[in-house]
Amino acid sequence: MSSSCNNYEGGIEMKEQKVIAISGDEAVAYAAKQCKPDVVAAYPITPQTIIVERFSEYVANGEVDSEFICVESEHSALSACIGASLAGARVFTATSSQGLALMHEMLYIASGLRCPIVMAIVNRALSAPINIHGDHSDIMGSRDSGWIDIFCENSQEAYDFTIQAFKLSEDHDILLPVSVNLDGFILSHAVEDIKALPDEYVSKFLPERIPYYTLDAEKPITIGALALPDYYFEIKRQQDEAYKKVLNKFKEITKDFSKFSGRKYDVIDAFQIDDAKIALIGMGSTIGTAKYIVKQLRKKGKKYGVIGIRMYRPFPIKEIVRALENVKALAILDRALSPGAISAPLGLDIKALLYEYNIKIPVINFVYGLGGRDMSPKDIVTIFNRTERIAKRKIIPHGYEYIGVRE
Amino acid sequence: MSIKSLKELPKEELFASGHRMCAGCGPAICVRQTLIAAGRPVIMVSATGCVEVSTTIYPYTSWKIPWIHIAFENAAAVASGIEAALKKLSKDGKAKKCDIIAFAGDGGTFDIGLQALSGAIERGHDFLYICYDNEAYMNTGIQRSGATPHGAETTTSPAGSVIPGKKEYKKRLTDIIIAHDPAYAATASIAYWKDYMNKVIKGLNANGPAFIHVFAPCPRGWRFPSNQTINIARLAVETRYFPLYEYENGKYTLSLDIPKPKPIEEFIKPQRRFRHLLEPKNRNVLEELKMDIERNWERIKKLCTL
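Conventions and cut-offs
Residues numbered from 1 in each chain as written. Chains lettered and ligands numbered in written order. Predicted model: local features only at pLDDT ≥ 70, side-chain atom pairs only at ≥ 80, totals over all residues. Heavy atoms only, no water. Helix = DSSP H or I, 4+ residues; strand = E, 2+ residues; numbered from the N terminus. Rg over C-alpha atoms; globule rule 2.2 N^0.38 Å. Buried < 20%, exposed > 50% of the residue type's maximum accessible area, 1.4 Å probe, protein only. Contact = heavy atoms within 4.5 Å. Areas by Shrake-Rupley, 256 points an atom, 1.4 Å probe, with all protein chains shown as cover. Lys, Arg positive; Asp, Glu negative; His and termini not counted. Charge placed at Lys NZ, Arg CZ, Asp CG, Glu CD. Axes fitted to C-alpha atoms, helices over the stretch in contact; angles between N-to-C directions. Parallel < 35°, antiparallel > 145°, perpendicular 65-115°, else oblique. Left-handed = near helix turned anticlockwise from the far one by under 90°. Nonpolar A, V, L, I, M, F, W, Y, C, P; charged D, E, K, R; others polar. Pairing = 2+ DSSP bridges. Phe/Tyr/Trp six-rings, centres within 6.5 Å; stacked < 30°, edge-to-face > 60°. Lys NZ or Arg CZ within 6 Å of the ring centre and 35° of its normal.

Student: Honestly, the overall build of chain B in this entry has me stumped. Any pointers?
Tutor: Regarding its fold elements, chain B presents 11 helices and 8 strands. Against the 2.2 N^0.38 benchmark of 19 Å for 306 residues, chain B shows a C-alpha radius of gyration of 19 Å, consistent with a compact globule. Along the first, second and third principal axes, the C-alpha atoms of chain B reach 65 × 50 × 40 Å. Out of the 306 residues in chain B, the part that is buried amounts to 59%. Here the contacts in chain B between residues at least 6 apart in sequence split such that 70% fall between residues at least 24 apart. Of the roughly 12,400 Å² of accessible surface on chain B, a fraction of 54% belongs to carbon and sulfur atoms. Each charge class in chain B can be summarised by its mean position, and for the 41 positive and 31 negative side chains these summaries are 3 Å apart.

Student: Is there a simple way to think about the packing of helix α1 (residues 24-34) of chain A against helix α6 (residues 155-170) of chain A in this case?
Tutor: Any two packed helices are characterised by the angle at which their axes cross and by the distance between the axes. Residue and element names in this part refer to chain A. In contact at an axis separation of 8 Å, α1 and α6 are set at 25 degrees when each is read in the N-to-C sense. In terms of orientation, α1 lies roughly parallel with respect to α6. Crossing geometry of α1 relative to α6 is assigned as right-handed. Residues Gly24, Ala27, Val28, Tyr30, Ala31, Ala32 and Gln34 of α1 form the contact with α6, whose own contacting residues are Ser155, Ala158, Tyr159, Thr162 and Ile163. The residue inventory of the contact of α1 with α6, partitioned by class, reads 8 nonpolar, 4 polar and no charged.

Student: Hey, could you run me through the sheet that holds strand β9 (residues 222-223) of chain A in this one?
Tutor: Neighbouring strands of a sheet are bound in pairs by backbone hydrogen bonds; such pairs are parallel or else antiparallel. Reading across from one edge, β9(A)-β2(B)-β1(B)-β3(B)-β4(B)-β6(B)-β5(B)-β7(B)-β8(B) is the order of the 9 strands in this open sheet, with mixed pairing throughout. In this open sheet, the two strands that pair with only one neighbour each are β9 of chain A together with β8 (251-254) of chain B. Two strands pair when backbone bridges link them, and strand β5 (residues 184-189) of chain B and strand β6 (residues 210-215) of chain B are joined in this way by 6 bridges, in the parallel orientation. Within β6 of chain B, the residue paired with Tyr184 of chain B across the bridge is Ala210 of chain B.

Student: Explain the packing of aromatic side chains here, please?
Tutor: Centre distance and the angle of the planes are the two values used to describe a pair of aromatic rings. Applying the stated criterion to the full structure yields 30 aromatic pairs over all chains. Arranged with centres 4.3 Å apart and planes meeting at 5 degrees, the rings of Tyr304 of chain A and Phe384 of chain A form a pair that is stacked. Taken as a pair, Tyr304 of chain A in strand β12 (residues 304-309) and Phe384 of chain A in helix α13 (residues 377-393) lie far apart in primary sequence, 80 residues in all. For the pair shown, Tyr304 of chain A and Phe384 of chain A are each scored as buried. Ring centres of Phe267 of chain B and Phe274 of chain B lie 6.3 Å apart, and the angle between their planes is 50 degrees; this geometry places the pair in the tilted category. We note that Phe267 of chain B, like Phe274 of chain B, is buried. Over the face of the ring belonging to Phe205 of chain A we find Lys167 of chain A, whose NZ or CZ atom lies 4.3 Å from the ring centre. In this arrangement the basic side chain of Lys204 of chain A is found over the ring face of Tyr201 of chain A, its NZ or CZ atom lying 5.2 Å from the centre.

Student: Can you walk me through the sheet that holds strand β16 (residues 400-403) of chain A in this structure?
Tutor: Residue and element names in this part refer to chain A. Within the open sheet, the 6 strands sit side by side as β10-β12-β11-β14-β15-β16. Their pairing is mixed. Of all strands in the sheet, those with a lone pairing partner are β10 (268-271) and β16, marking the two edges. Each neighbouring strand pair of the sheet contributes to a mean axis angle of 20 degrees, computed without reference to strand direction. Pairing of strand β11 (residues 278-282) with β12, which is carried by 5 bridges, proceeds in the parallel orientation. Paired with Gly282 across the two strands is Gly308, which belongs to β12. Against the sheet, α13 engages β11, β12, β14 (329-334), β15 (363-368) and β16, with an angle of about 125 degrees to β11.

Listed below in structure tokens is the structure:
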């Protein structure tokens, strides 16, 4: 359970929020429905399928007035979303794993054409071997496509971030697509209690989209022109500049959202970090398990803390640096590989950050949970023990280690 | 509503001159004819290809209509999204409905874009898809496509000492589309401008997905003088190489009967891509091409009597 969920100051009367027992996928579909997208174009893939199924039920029952396009592939799903977004529509889609890989080419076009689109990505392993369970290999392959990537720890965050993602994506200073990531099966299929806002509060928080430009026959514009070496670089730079505004905009949006929900979020979830000597940093559902372990071990006097990364791209550099102020050793948890690289993806990010900010602490990068392998509380304890050992010996192990794999 | 003479055509051109297509470019003529017939308001979705790269070199554009390019293989999928968006937004009074044309070459239609096109037609989106056919990938330098005819030379089906040009036959694309039972489908040639323009109008007025396969020669790729584009486009029809027909309400109709076809040699002689077929050692390839043309013509004629 996220600590942030217990923070209700300034929110609307809690009795107005509906407590629903719901899976992560259903939470996303429910949030998307409340955001009233004009167009949803999607293709089913496990473990995302429930999102598409629930949404099509909402449409079939007239609970939402969206144009639902059941496309013939994920490539066409995102293509249709880009077309609809540029025509001025509020757009939503969802995918996973191979589906995201099939969208790969379109991911770059969506961000390059500055299309507001919200996509739920139910993170899953990539073939081969084929595997339908959760890890972060899919999103890591799409990491550099210019999307804003948000990670959820639980279904409540999946619900809350889906709503906030639309506001962020459609903001005229941003105009970038957003992915809301949730761990396959661990979150997508597990049923949890979530607190849902009444429809009218979602509409108040997220009024209808005002497009910056559209395909208007009366004011014709050319979209997707050919930009050769004389212009391409400047256009990509502008895109990067917009990216730099995302973190602050997200903070504004979450502040606004907390007025409705009472739930406060920051770009990172710094749990028990102020006096922590040993910390763990990671993303997704494992952060919940790690926080549970830290609570247990703190009772035994262990000064442990957890940093959960909610916003992965753009990377919350300053927030992480601040959180690491008193930390003496750090474990970095990766649920994906970057074969042949010196570390796994998050490991590379954090090691670069430490170098840039001249932070000289021992770090150890762990790769865990590939293809849905369970990350047990015992594994988290092992990680903390191992990190404490390297803190004492002040040596930095090279590369990365596996946790929970057979030798 | 149909166009009967040149005088009836609107004066306003929606495709600006000064684009960077080649002299005598068939697809450029095709774009001009398309937009004159379509008029406003219309949105065009272009697939990657010669037309796209030569008309929108940033910061210039040749398009006086809302125009969008996304990728090579997904013009139909993008058009689906735009159509759905306008349907919803116009219902809410936030946008106006307008005609949507997806415009793609043979590579983007016969090959890489076929899946997206099939999906869009199956879902019944109300848009007109126009495939301008210049029978190879011209944008990347004349490589064979599923539309390249048997025996033709391209840079990936070269006429070598062992293999004399493309071994395979041209895909019967329009029939694949008709198998989806669209609201309207037709073939056309830029040499028969009136026929083509009226088909564009019919396609746009059709209630549902419409498809036009239009023959648009490429002087560069086919290696003929740039002042011969329209002649070649006409000879393709007169030799029965490219039959003109329509499909509406489950019925095929021949647009132009060719009772006495000109010899195919008249069509292939001015084109260097077929030069090797006139050599005695490749007589069999030319015969195979002729047989294919006749078999296709007979097939279409039969369909048109059903």
